[in-house]
Amino acid sequence: MSFVDVVIVGAGPVGLAAALEAERFGLSGVVFEARRPAASIEGFPARMPFFSEARKIEIGGHPMAVLGAKPTREEALVYYRRLAERLRAPLVHRTRVTVVEGARDAFRVRFEGPRGPGEVWGRTVVVATGYFFNPRRLGVPGEEEPMVRYGYRDALEHWGERVVVVGGSNSAVEAALDLWRAGARVTLVHRGEALRPGVKYWLRPDFENRVREGAIAARFATRVRRFEPGRVVVAGPGGEEALEADRAIVLIGYRADDALLRTAGVRCEGGRPRLSETFETSVPGLYALGSAGYGEDTRSVFIENGREHARIAVAAIARGLGR
């Protein structure tokens, strides 16, 4: 492939937003995606509506058509993938970028794909790899047991099962309610004394009422000690307890995978890359957009503000290239 103005790593909503901004400025580029465009949205719970209105997660000035007040998982997937199909820049999917080396005007980007390894040269590089495929782990014995799942997809497959949900934020609370309504017997385990303060205002009373009436069991100030076949061993105020379980779903958050940035020589502070106001890292010409630049602070970045990162960063790239 020829030398390009910008190499974009990641084809989620933020990476696609960067690609569309690059087109607007007339920049040449290529987009790499390890899976499929917007693959993280595939992993969202089935039938889940977005918290944001459609207009707040639109990119590139292209309107999103939705049937309800807010887009569903399926509507968002169709929207982002249609835009991916219409990009002028090549979108190379099922291809993982393995190394970024160099600096402004002379980056070498190495990748591995179905046809083997390759490389491309770029004047600048944008990393927008998100966090969804890098869940936080408990680090306890047995977490590789088949019964343990890091992530949640569809309640209907758990009908009649005893399910332990680990976590105390929105995703855990929403999953617990969804599972209970689909016929699972649910116990939520959270290390805090209560649910996290940021739990959505309409979820909290729903969950608390279900706990109060005994429909959902809850163990607060309780930590998972280990997973064993058919049960989750926890320790709480009353000591150690074994919770019978057919499935354990761990939803304790995510962390952006910064390995690519670190191997490129990016300086990090407080567990995240140091960024300028245009989201440029300490390596000139290398940018980190969306949650890729925020380490464990994944609650601060969403599609809504991540798309603004793309707008600001690509405008800075265009100025630097005299466009």
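Conventions and cut-offs
Residues numbered from 1 in each chain as written. Predicted model: local features only at pLDDT ≥ 70, side-chain atom pairs only at ≥ 80, totals over all residues. Heavy atoms only, no water. Helix = DSSP H or I, 4+ residues; strand = E, 2+ residues; numbered from the N terminus. Buried < 20%, exposed > 50% of the residue type's maximum accessible area, 1.4 Å probe, protein only. Contact = heavy atoms within 4.5 Å. Polar contact = N/O pair within 3.5 Å; in protein donor to acceptor, adjacent residues only side chain to side chain. Pairing = 2+ DSSP bridges. Axes fitted to C-alpha atoms, helices over the stretch in contact; angles between N-to-C directions. Core = buried A, V, L, I, M, F, W, Y, C linked by side-chain atoms within 4.5 Å.

A look at the environment of alanine 264
Here is step 1 of the chain: For alanine 264, the position within the fold is in the loop between α7 (259-263) and β15 (268-269).
Here is step 2 of the chain: A relative accessible area of 14% means that alanine 264 is categorised as buried.
Here is step 3 of the chain: Once the C-alpha coordinates of alanine 264 and alanine 103 are considered, the two residues, 161 residues apart in sequence, prove to be 9.0 Å apart.
Here is step 4 of the chain: Those residues in contact with alanine 264 that sit more than four places away from it in its chain are Val100, Val283 and Leu286.

Digging into the environment of tryptophan 121
Here is step 1 of the chain: Structurally, tryptophan 121 is set in strand β6 (residues 116-127).
Here is step 2 of the chain: Given the relative accessible area of 34%, tryptophan 121 is considered partly exposed.
Here is step 3 of the chain: As a C-alpha pair, tryptophan 121 and valine 173 span 52 residues in sequence and 45 Å in three-dimensional space.
Here is step 4 of the chain: A distance of 3.4 Å separates a polar atom in the side chain of tryptophan 121 from a polar atom in the side chain of glutamate 119.

With respect to the sheet that holds strand β14 (residues 247-250)
Here is step 1 of the chain: Strands sit in the order β7-β14-β8-β9-β10 across an open sheet of 5 strands; the sheet is parallel. The sheet is open, and its two edges are formed by β7 (148-150) and β10 (217-219), each paired on a single side. Within this sheet the neighbouring strands show an average axis-to-axis angle of 20°, counted without direction.
Here is step 2 of the chain: Two elements, strand β8 (residues 162-166) and β14, share 4 bridges in a ladder whose sense is parallel. By the bridge assignment, valine 163 is partnered in β14 with arginine 247.
Here is step 3 of the chain: Across the face of the sheet, helix α5 (residues 170-181) comes into contact with β8, β9 (185-189) and β14 while running at roughly 165° to β9.

Thoughts on the sheet that holds strand β11 (residues 223-228)
In any sheet, the strands associate via hydrogen bonds between backbone groups, in a parallel or an antiparallel arrangement.
Here is step 1 of the chain: Taken in spatial order, the 3 strands line up as β11-β12-β13 in an open sheet, and their pairing is antiparallel. Looking at which strands have only one partner, the edges of the open sheet turn out to be β11 and β13 (239-244). Across the sheet, the axes of successive neighbouring strands diverge by a mean angle of 25°, strand direction being ignored.
Here is step 2 of the chain: Of the pairings in the sheet, the one linking strand β12 (residues 231-236) to β13 comprises 6 bridges and is antiparallel in character. Paired with valine 232 across the two strands is leucine 243, which belongs to β13.

Notes on the nonpolar core
Here is step 1 of the chain: Formed by 42 residues in total, the largest nonpolar core has its most connected members in Ile41, Ile59, Tyr80, Val126 and Leu289.
Here is step 2 of the chain: At the level of secondary structure, the elements contributing two or more residues to this core comprise β1 (4-9), α1 (13-24), α3 (54-57), α4 (73-85) and α8 (303-320).
Here is step 3 of the chain: With sequence-adjacent residues up to four places away left out, isoleucine 59 is seen in contact with Pro13, Leu16, Ala17, Leu20, Tyr79, Tyr80, Leu83 and Arg307.

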